[in-house]
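Chains, contacts and geometry: an overview
As a plain string of letters, each chain reads:
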Amino acid sequence: MALFTKSRFKLALSCPTKLYYSTSSNNYKDTSADDEFLKALAEGGYQVGELAKYLFTQDPIAENISIDVLGYDESLAATAIKRAAGGRVVIAEPAFRYNDLFVRVDVLVEENNCIDIYEVKAKSWSPNDVFLKAARKKVDQGKYTISSKWSPYLYDIAFQKYVVQQANPTKKVRAHIVLANKTSTVTIDGLNQLFKIKRNGTRVQIEVQPGVTQQSLGTIPLKTINVDDVCEWIFQNPVAIDLPGVWMFEPLVNYLSEKFIANEKIWSSCLGSKCKKCPYINKEYPNGAGSGFHECWQQLARLSSTEVTQPLITELWCGNGPKTILKEAISQERYLLRYVDETLYPRGENPPPYGDTLDGCERRNVQIEKSNNQNFTPYIDIPGLTDLFNTLPAPYHFIDFETTMVALPFHAGRQPYEAIAFQYSYHLMDAQGNIEHKNQYLNFEQNEFPNYDFVRHLQADLSGKPGTIFRYHQHENTYLNHIYKQLISETASSVPDKESLMEFIREISRPTTDNPDTWEPSNNMVDLYDLVLDHYYSLYAKGSNSIKDILPAVIKSSAYLRTKYSEPVYATASIPSLNFTTPHTWIQASKGLNPYKTLPNIFEGVDIEEMAEMEGFLSELDNGGAAMMAYAYLQFTDMTNTQRAYYKNGLLRYCELDTMAMVMIWEYWGREIGRW
Ligand code: SF4
């Protein structure tokens, strides 16, 4: 029989109906994105869990503190054996049960009459973080609320404290949270690489390099905070959950666990923005596995089984507009996109945009109008794009960065979650539309902080060059600012060309609000994403403007692109590539016209024996999360040169396509306005 665990409790707090959909025997589709999983892996959540054990013992492996068995009864029995040893007992993953509630604690330290439990999270902590916030309003003086940013983690540890305390009524249980300390600087090179990530399906394994001890790790960049006061607050105050009425912690836990054990669905009291990213959706509904999303919207919005398959308000693009559009539409029971209009997102005092250019308001109008008519012909602002082509000088430089932020730094002298820019790709297009993959950078050296070398190469490629530099969205600007701030703290002897690198960053980017310096760039990068928002809409992308959705939409909109790139023209003399060694066809019907699906598998052509050695590693590299993970693999010391070469090639091809995607958008627009 399944028991009610801390993960189920957390899931129910995000929406109580999810409890039912998440039970695998109920057969609902679960789309929890693989990309997200990879991102979590790459950011180091699992590694932090392993590292935290070294806060409590010199050598957790030699001292055998971990309980690895998975079954409820086995882990409870293993916990009892370890606890019976007496003295100061340290256990990783001990299990506790109280009635139908079950928890596995990350780390427990038991001595005399006290049990200290530690919940380890890879989330970053800085001294400005507070868990309980004093109310600002005078009438609420003396009252506290829980920080929404920290709330899921704090309810998680409160649940554990509750279960452990109930299971050990004569003991004093104290609760702590362990977080990645952003203000702590690591003292050894390769801390991250000591905790190697391996993946087996959805299971993750961390292999700790033999010989690692607390002492050999130097400074452990983790912060331990006692949260007994927060747990007490949680036990004494109503819990925010989408259920009718007011719920205190203990009755809520009992209610949720009873319903879960009985496998009864609990209806949420409302729909909301939480539904936009609900993982329990089957896009093929009514075919195939159950679709929790569709059931909720039928039940709570009283939509018929036909209506629920029509475009819903959740599809509407809400960016750059009032945050409450979705909430407001739901409160007015305007669930279907066709019932939504400008009254929900008024332009206000702002003047309407010039000509055919779209602003947020007009863009939503266009989306709704096209959706109502299921009109897949694109909206394209020909005069606006013509102006752009006349104003933005050629040649056109397209750049894209691959970056990461990890909890456990790769390099000595760095702090958790510092920005790392390890790769970029650069395509160049001239005024006539001739394209070449001009240059690229990938730092795959181990133990080398790549950021300054990265900027140095970018500077050589772009500084002082005529033409227009394009990026897609804020990412490149944000990372150049991160590196700028890192450079500020360097000395002229640690980075001799520091001033020159900073000057280059000032040349092509804008300062972010947290940058201590201000400047006006002389050749600021142009954001292609903003141009998409202003000049192009396709129903194929629905309400998304991510390049991963815009590229397929553009390809479906453009017969020109389809004809051209359905031939093996890429990586030929007419469009040279730095990574593809044979002519490549970007658009293939069998790949759903999606160029990302044409990227070769990392291990394509690898013989079966070598392949067996790579078991547990990443095999596809077609998204940002996978790229972050691949970079982490390149840092692991026991990868052979051949294995590293596979990842290197995978990263290079992936990033090359990211800039080629931008080229295709610009090329399509140029064609539409008759430029080529
Ligand atoms: S669709 Fe909305 S209400 Fe239903 S489970 Fe998902 S988040 Fe909850």
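Residues numbered from 1 in each chain as written. Predicted model: local features only at pLDDT ≥ 70, side-chain atom pairs only at ≥ 80, totals over all residues.

With respect to the overall build of the protein
Applicable threshold: Put simply, DSSP marks the helices as runs of H or I at least four residues long and the strands as runs of E at least two long, and each gets a number from the N terminus on. We compute the radius of gyration from the C-alpha atoms alone; for a globule the expected value is 2.2 Å times N to the 0.38, where N is the number of residues. Here the C-beta atoms are placed from the backbone, and a residue counts as buried if at least 20 other C-beta atoms lie within 10 Å of its own, exposed if 12 or fewer do, and partly exposed otherwise.
When helices and strands are tallied, the protein shows 21 helices and 19 strands. Against the compact-globule benchmark of 26 Å for 676 residues, the protein has a radius of gyration of 27 Å, which places it among compact chains. Taken along its principal axes, the extent of the C-alpha atoms in the protein is 80 × 65 × 60 Å. When each of the 676 residues of the protein is scored for burial, the buried share is 41%.

Concerning the environment of glutamine 193
Positionally, glutamine 193 belongs in the loop between β9 (172-181) and β10 (195-200). Assessed through the 20 C-beta atoms surrounding it within 10 Å, glutamine 193 is described here as buried. Separated by 231 residues in sequence, glutamine 193 and tyrosine 424 place their C-alpha atoms 23 Å apart.

Description of unusual backbone geometry
With an omega of 10 degrees, the peptide bond running from tyrosine 285 to proline 286 counts as cis. With an omega of 0 degrees, the peptide bond between alanine 394 and proline 395 qualifies as cis. Relative to the elements of secondary structure, proline 395 occurs in the loop between α12 (382-391) and β14 (396-405). Phi at arginine 302 is positive, roughly 55 degrees, even though this residue is not glycine. Locating arginine 302 in the fold gives a position in the loop between α9 (292-300) and α10 (325-331). Its identity as a non-glycine residue notwithstanding, glutamate 333 has a phi of 60 degrees, on the positive side. Looking at the secondary structure, you find glutamate 333 in the loop between α10 and α11 (360-372). The exposure class assigned to glutamate 333 is exposed, which follows from the 10 C-beta atoms found within 10 Å.

Re the site of the ligand
Just so we agree on the cut-off: Using a C-beta atom placed from the backbone, a residue is scored as near a molecule or strand whenever that atom is within 6 Å of it. Think of it as three bins: nonpolar holds Ala, Val, Leu, Ile, Met, Phe, Trp, Tyr, Cys and Pro, charged holds Asp, Glu, Lys and Arg, and polar takes everything else, Gly as well.
Around the ligand, 13 residues are found, and the nearest of them are Cys15, Thr17, Cys275, Cys278 and Cys296. Secondary structure elements with two or more residues in the shell around the ligand: α2 (18-21) and α9. Here the shell around the ligand gets three residues from one element, more than from any other, and that element is α9. Each residue belonging to the shell around the ligand can be placed in one class, and the counts come to eight nonpolar, three polar and two charged.

Points about the sheet that holds strand β2 (residues 89-92)
What counts here: Strand pairing follows a simple DSSP-based rule, namely that at least 2 bridges must link the two strands. Structural elements are reduced to axes, namely lines fitted to C-alpha atoms, with helices fitted over the stretch in contact, and the angle between N-to-C directions of any two is expressed from 0 to 180 degrees. Residue pairs are scored as contacts if the distance between their C-beta atoms, which are placed from the backbone, is within 7 Å.
Pairing in this open sheet of five strands is mixed, and the strands run β2-β5-β6-β9-β12 from one edge to the other. Edge positions in the open sheet fall to β2 and β12 (222-226), since each of these has one partner strand only. The mean inter-strand angle of the sheet, taken between neighbouring strand axes irrespective of direction, is 25 degrees. With four bridges joining them, β2 and strand β5 (residues 107-111) adopt antiparallel strand pairing. For isoleucine 91, the partnering residue across the bridge sits in β5 and is leucine 108. Against the sheet, helix α4 (residues 45-52) touches β5, β6 (114-125), β9 and β12, its axis set at about 145 degrees to β6.

Things to note about the packing of helix α1 (residues 6-14) against helix α6 (residues 151-167)
Rules: Between 65 and 115 degrees an angle is taken as roughly perpendicular, under 35 as roughly parallel, over 145 as roughly antiparallel, and anywhere else as oblique. Each crossing gets its handedness from the near helix: less than a right angle anticlockwise from the far helix is left-handed, clockwise is right-handed.
Running from N to C, α1 and α6 cross one another at 140 degrees; their axes reach a closest spacing of 9 Å. Compared by their axis directions, α1 and α6 come out oblique. As for how α1 packs across α6, the hand of that crossing is right-handed. Listed contacts from α6 to Lys6, Phe9, Lys10 and Leu13 of α1 are Pro152, Tyr155, Asp156, Phe159 and Gln160. Residue composition of the contact of α1 with α6, by class: five nonpolar, one polar and three charged.

Some remarks on the packing of helix α17 (residues 547-557) against helix α21 (residues 641-672)
The geometry of α17 relative to α21 is characterised by a closest axis approach of 10 Å and an angle of 40 degrees between their N-to-C directions. Taken together, the axis directions place α17 and α21 in an arrangement best described as oblique. As for the relative orientation of α17 and α21, their crossing is left-handed in sense. Every residue of α21 that contacts α17 at Ile547, Ile550, Leu551 and Val554 is listed here: Ala661, Met664, Ile665 and Tyr668. For the contact of α17 with α21, the per-class residue count stands at eight nonpolar, no polar and no charged.

A look at the nonpolar core
In globular proteins that are soluble, nonpolar side chains generally tend to be buried together. Rules: Throughout this description, the term nonpolar core refers to a group of buried Ala, Val, Leu, Ile, Met, Phe, Trp, Tyr and Cys residues whose C-beta atoms join them within 7 Å. Just so you know, the domain bounds were taken from an automatic or database domain assignment.
One finds Leu154 and Ile313 to be the most contacted residues of the largest nonpolar core, which totals 90 residues. Of the residues forming this core, the biggest block, eight residues, is contributed by α6. Two domains each donate at least three residues to this core, and these are domain 1 (4-14 + 41-258) and domain 2 (376-676).

Looking at the pairing of strand β15 (residues 419-429)
The buried fraction of β15 is high, at ten of eleven residues. Of the pairings in the sheet, the one linking β14 to β15 comprises ten bridges and is antiparallel in character. When the bridges of β15 are listed, methionine 405 appears paired with alanine 419. Hairpin remark: β15 followed by strand β16 (residues 435-442), antiparallel, with five residues in the connecting loop; positive phi at glycine 433, about 90 degrees.

A word on the domain arrangement of the protein
Domain parsing of the protein yields domain 1 (4-14 + 41-258) and domain 2 (376-676). Computed over C-alpha atoms, the centres of domain 1 and domain 2 are 38 Å apart. At the junction of the two partners, domain 1 supplies 30 residues and domain 2 supplies 23 residues. Among the elements of the structure, α3 (34-43), α4, β6, β9 and β10 are those that each provide at least two residues to the side of domain 1 that touches domain 2. Of the residues forming the side of domain 1 that touches domain 2, the biggest block, six residues, is contributed by β10.

A closer look at the sheet that holds strand β17 (residues 468-471)
Pairing within the open sheet is mixed, and its five strands lie in the order β16-β15-β14-β17-β18. The strands lining the two open edges of the sheet, one partner per strand, are β16 and β18 (526-527). Pairing analysis gives seven bridges linking β15 to β16, with the strands arranged antiparallel. Counterpart to tyrosine 426 in the pairing with β16 is asparagine 439.

Points about the environment of glycine 288
On the secondary structure map, glycine 288 appears in the loop between α8 (249-261) and α9. Each C-alpha atom, one on glycine 288 and one on lysine 29, is 8.6 Å from the other, the two residues being 259 residues apart in sequence.

Remarks on the pairing of strand β3 (residues 95-98)
Note: β3 against strand β4 (residues 101-104), four bridges, orientation antiparallel. Following the sheet pairing, arginine 97 is matched in β4 by phenylalanine 102. Hairpin remark: β3 followed by β4, antiparallel, with two residues in the connecting loop; positive phi at asparagine 99, about 50 degrees.

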